Amino acid sequence: MIEATNVIAHSQATPVKAILIGGLAGGVLDLGFAFTSWALKGVAPVDILRSIASGLLGPAARTGVAPVPLGLVSHFLLSFLFAALFVLMASRIALIGRQSPWLAGPLFGIAVYFAMNRIVLPLSSFAVPAGGMPFSVADLASHMFLFGLPIALAAHRWVRVAS
């Protein structure tokens, strides 16, 4: 029965499905973690979405309603782009594609954590230090297991691995 499932999975392999499902799952879980952890510090979800939009709008993102949906769209765009990057790597690099998603996903999450905290977040106009946000074990773990892992599991399920 397992072999039949693998044959079906490989015959229906599609990178688009992996990107959409992995990116959506990782994006929802990542945003849910951000909303929860920042709510504990008194920050509202709309302020988080405005902060995300500030990467495109600058200080104008601090007010009004328009930055909120823009922040949401921007968040998921980044999520889908990171998922596409993982899917591309998994389909082209046999070592990544053949690794257990339980290893490859968290390792990818570590890379995403550092890319976001050292490159993307400092570009936003909100109070992010030039070197990025201070190191956080909770944020790192969320990127490993709530972002990287769902993307890797989706890629493992729906992407053909390079030979």
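Residues numbered from 1 in each chain as written. Predicted model: local features only at pLDDT ≥ 70, side-chain atom pairs only at ≥ 80, totals over all residues. Heavy atoms only, no water.

**Quick look at helix α6 (residues 101-120)**
Working step 1: When α6 is considered as a whole, its buried residues turn out to be P101, A104, G105, P106, F108, G109, V112, Y113, M116 and N117.
Working step 2: Summarising the contacts, the buried residues of α6 are in contact with α4 (67-92), α5 (94-98) and α7 (137-158).
Working step 3: By the N-cap criterion, in which a side-chain oxygen at the helix start approaches the backbone nitrogen of a residue two or three places on, α6 is capped by S100, the distance to W102 being 3.0 Å. (Buried < 20%, exposed > 50% of the residue type's maximum accessible area, 1.4 Å probe, protein only. Helix = DSSP H or I, 4+ residues; strand = E, 2+ residues; numbered from the N terminus. Contact = heavy atoms within 4.5 Å. Polar contact = N/O pair within 3.5 Å; in protein donor to acceptor, adjacent residues only side chain to side chain.)

**Some words on the confidence of the model for the protein**
Working step 1: Chain-level statistics for the protein give a pLDDT mean of 87 and a share of 85% at 70 or above.
Working step 2: The weakest mean pLDDT in the protein belongs to helix α1 (residues 2-11) at 45; the strongest belongs to helix α2 (residues 15-39) at 97.
Working step 3: Scored below 50 in pLDDT, residues 1-9 makes one contact in the model with residues more than four places away or belonging to other chains. (pLDDT = per-residue confidence, 0-100.)

**Structural notes on the side chain of H75**
Working step 1: Among the structural elements, H75 can be located in helix α4.
Working step 2: Exposure remark for H75: the relative accessible area of 9% places this residue in the buried category.
Working step 3: Non-local contacts of H75, meaning those with residues more than four positions away in its chain, are made with G27, D30, L31 and I52.

**Focus: the nonpolar core**
One broad rule of soluble globular proteins: the nonpolar side chains tend to lie buried together.
Working step 1: F82, F86, V87, F108, V112 and I151 are the most contacted members of the largest nonpolar core, which totals 18 residues.
Working step 2: Breaking this core down by element, the ones donating at least two residues are α2, α4, α6 and α7.
Working step 3: Setting aside residues no more than four positions away along its own chain, V112 makes contact with F82, H143 and F147. (Core = buried A, V, L, I, M, F, W, Y, C linked by side-chain atoms within 4.5 Å.)

**Things to note about the environment of F135**
Working step 1: Within the secondary structure layout, F135 lies in the loop between α6 and α7.
Working step 2: For F135 and Y113, which are 22 residues apart along the polypeptide, the C-alpha to C-alpha distance reads 9.8 Å.
Working step 3: Setting aside residues no more than four positions away along its own chain, F135 makes contact with Y113, F114 and L140.

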